[in-house]
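Close look at the chain arrangement
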Amino acid sequence: MKKTVILIIGTPSIGKTTIARELTKKLSACYINLSSLVYTYNLSQGYDETRKTSIIDEKKTRKKIKEIIISTKTSNIIIDGHYAASVVPEEYVTKAFVLRRNPIELKKLMEKRHFHGNKLWENLESEILDVCLIDTLSELEENKVCEIDITSKAVKEVINHILSIISNKKECQIGKIDWLKMLETKGIIDDYLKK
Ligand SMILES: Nc1ncnc2c1ncn2[C@@H]1O[C@H](COP(=O)(O)OP(=O)(O)OP(=O)(O)O)[C@@H](O)[C@H]1O
Ligand SMILES: [Mg+2]
C-alpha cells in the first residue's frame, strides 16, 4: 500500500499539535508526536541541562519511525515535531508543512504558555530567521516543502489550506514570508531579537 506521510513542522508553540491532530481526524490517519515517541520508546541519548531538553538519538528514532510507517494499517500518517524532517527518511515523505506565525502573535502565544527568558527569545529568533524552514530544506527536496502562514487563522482555515495543497488544488509555496523585513518596516526589530 502506498503511504502518504505528512510532516507538520514549526517553531515550538506555533500550533503544530493543534493542526496535526485536526488533520489526523480529517484524514483518518495515524498520528505520531515526536516528543511522545522519543519518551515512550526511550529514544533519547541524554539530557541537555542548559537547554532543559532531551537529546534525541536520531538513528534510533529514524529506525522506529520507519518501522511504524511500514507496519501501520492506515495509508495516511501525520508526523508532528519541529525536527521531523531530520528523522523521517526522505523517501517516505510526501509533503512537509512548515507552519509560520507572525512573531508578534507568536510571542503572545509563548507568554501565555509561560515561556520566558532565553527559551522565549531563542524560539522567537528561530521563527524570525526561518530556522525550521532552512533545516527542513536541508533535509528534503524543495518540491516536498510548503510554508503555511497561520497567523490569525482559525484551525479550520489552516486545515482546508493544507488539504487543498495535498489534493493539488492550491500551490505549495516557500520563501514568501519575511518576518525580518516586517519587523524592520515597523521599526520594532530590536524588541524581538534580544538573545
Ligand atoms: N490556530 C490557532 N489559533 C489560536 N491559537 C492556537 C492556534 N493553534 C494553536 N493555538 C494555541 O497555541 C498554543 C500552542 O499550540 P500547540 O500545542 O498546537 O503548539 P505546538 O507547536 O505543538 O507546540 P510544541 O512545540 O510545544 O509542541 C496552544 O495554547 C493552542 O491552543
Ligand atoms: Mg506540540
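Use the structure listed above.
Residues numbered from 1 in each chain as written. Chains lettered and ligands numbered in written order. Predicted model: local features only at pLDDT ≥ 70, side-chain atom pairs only at ≥ 80, totals over all residues. Heavy atoms only, no water.

A look at the side chain of glutamate 127
With respect to the secondary-structure elements, glutamate 127 resides in helix α6 (residues 117-128). Polar contacts involving the side chain of glutamate 127 include one to the side chain of tryptophan 179, which spans 2.9 Å. What glutamate 127 contacts, discounting residues up to four positions off in sequence, is Thr11, Ile14, Leu99, Arg100, Arg101, Leu106 and Trp179. (Helix = DSSP H or I, 4+ residues; strand = E, 2+ residues; numbered from the N terminus. Polar contact = N/O pair within 3.5 Å; in protein donor to acceptor, adjacent residues only side chain to side chain. Contact = heavy atoms within 4.5 Å.)

A look at the site of ligand 1
Surveying the vicinity of ligand 1 reveals the residues Pro12, Ser13, Ile14, Gly15, Lys16, Thr17, Thr18, Arg101, Leu109, Arg113, Lys153 and Val155. With respect to ligand 1, the backbone of isoleucine 14 contributes an N or O atom lying 3.3 Å from an oxygen atom. Computed on the free molecule, ligand 1 has an accessible area of 630 Å², of which 67% lies beneath the protein chains in the complex. Per element, the largest residue contribution to the shell around ligand 1 is 3 residues, and it comes from helix α1 (residues 16-26). (Near = heavy atom within 4 Å. Areas by Shrake-Rupley, 256 points an atom, 1.4 Å probe, with all protein chains shown as cover.)

Focus: the packing of aromatic side chains
Tallied over the full model, the rule gives 0 aromatic pairs. Above the plane of the ring of tyrosine 41 lies lysine 64, whose end atom (NZ or CZ) is 4.1 Å from the centre. (Phe/Tyr/Trp six-rings, centres within 6.5 Å; stacked < 30°, edge-to-face > 60°. Lys NZ or Arg CZ within 6 Å of the ring centre and 35° of its normal.)

Looking at the pattern of salt bridges
Summed over the entire model, instances satisfying the criterion amount to 7 salt bridges. Here the salt bridges do not stand alone but share partners, grouping Arg100, Glu127, Asp130 and Glu147 into one network. (Salt bridge = Lys/Arg side-chain N within 4 Å of Asp/Glu carboxyl O.)

As for the packing of α1 against helix α8 (residues 155-166)
Running from N to C, α1 and α8 cross one another at 60°; their axes reach a closest spacing of 10 Å. Regarding the angle of α1 to α8, the classification is oblique. Between α1 and α8 the crossing geometry is right-handed. Taken together, the residues of α8 that come into contact with α1 (itself represented by Thr18, Ile19, Glu22, Leu23 and Lys26) are Val155, Val158, Ile159, Ile162 and Leu163. (Axes fitted to C-alpha atoms, helices over the stretch in contact; angles between N-to-C directions. Parallel < 35°, antiparallel > 145°, perpendicular 65-115°, else oblique. Left-handed = near helix turned anticlockwise from the far one by under 90°.)

Some details on the state of the cysteines
In a disulfide, the sulfur atoms of two cysteines are covalently bonded to one another. Evaluation of the coordinates by the stated rule reveals 1 disulfide. The side chain of cysteine 146 participates in a disulfide bridge whose partner is cysteine 172; the two sulfur atoms lie 2.3 Å from each other. Residues cysteine 146 and cysteine 172 share a disulfide whose torsion about the S-S bond is about -105°; that sign makes it left-handed. Of this pair, cysteine 146 sits in strand β7 (residues 145-149) while cysteine 172 sits in the loop between α8 and α9 (179-186); the two residues are 26 residues apart in sequence, bridging distant segments of the chain. The closest cysteine sulfur to the non-disulfide-bonded cysteine 132 is located on cysteine 146, 15 Å from its own sulfur. You can call cysteine 132 buried: its relative accessible area is 9%. (Disulfide = S-S within 2.5 Å. Buried < 20%, exposed > 50% of the residue type's maximum accessible area, 1.4 Å probe, protein only.)

So, to be careful, I would describe these as geometric facts and stop short of saying anything about function.
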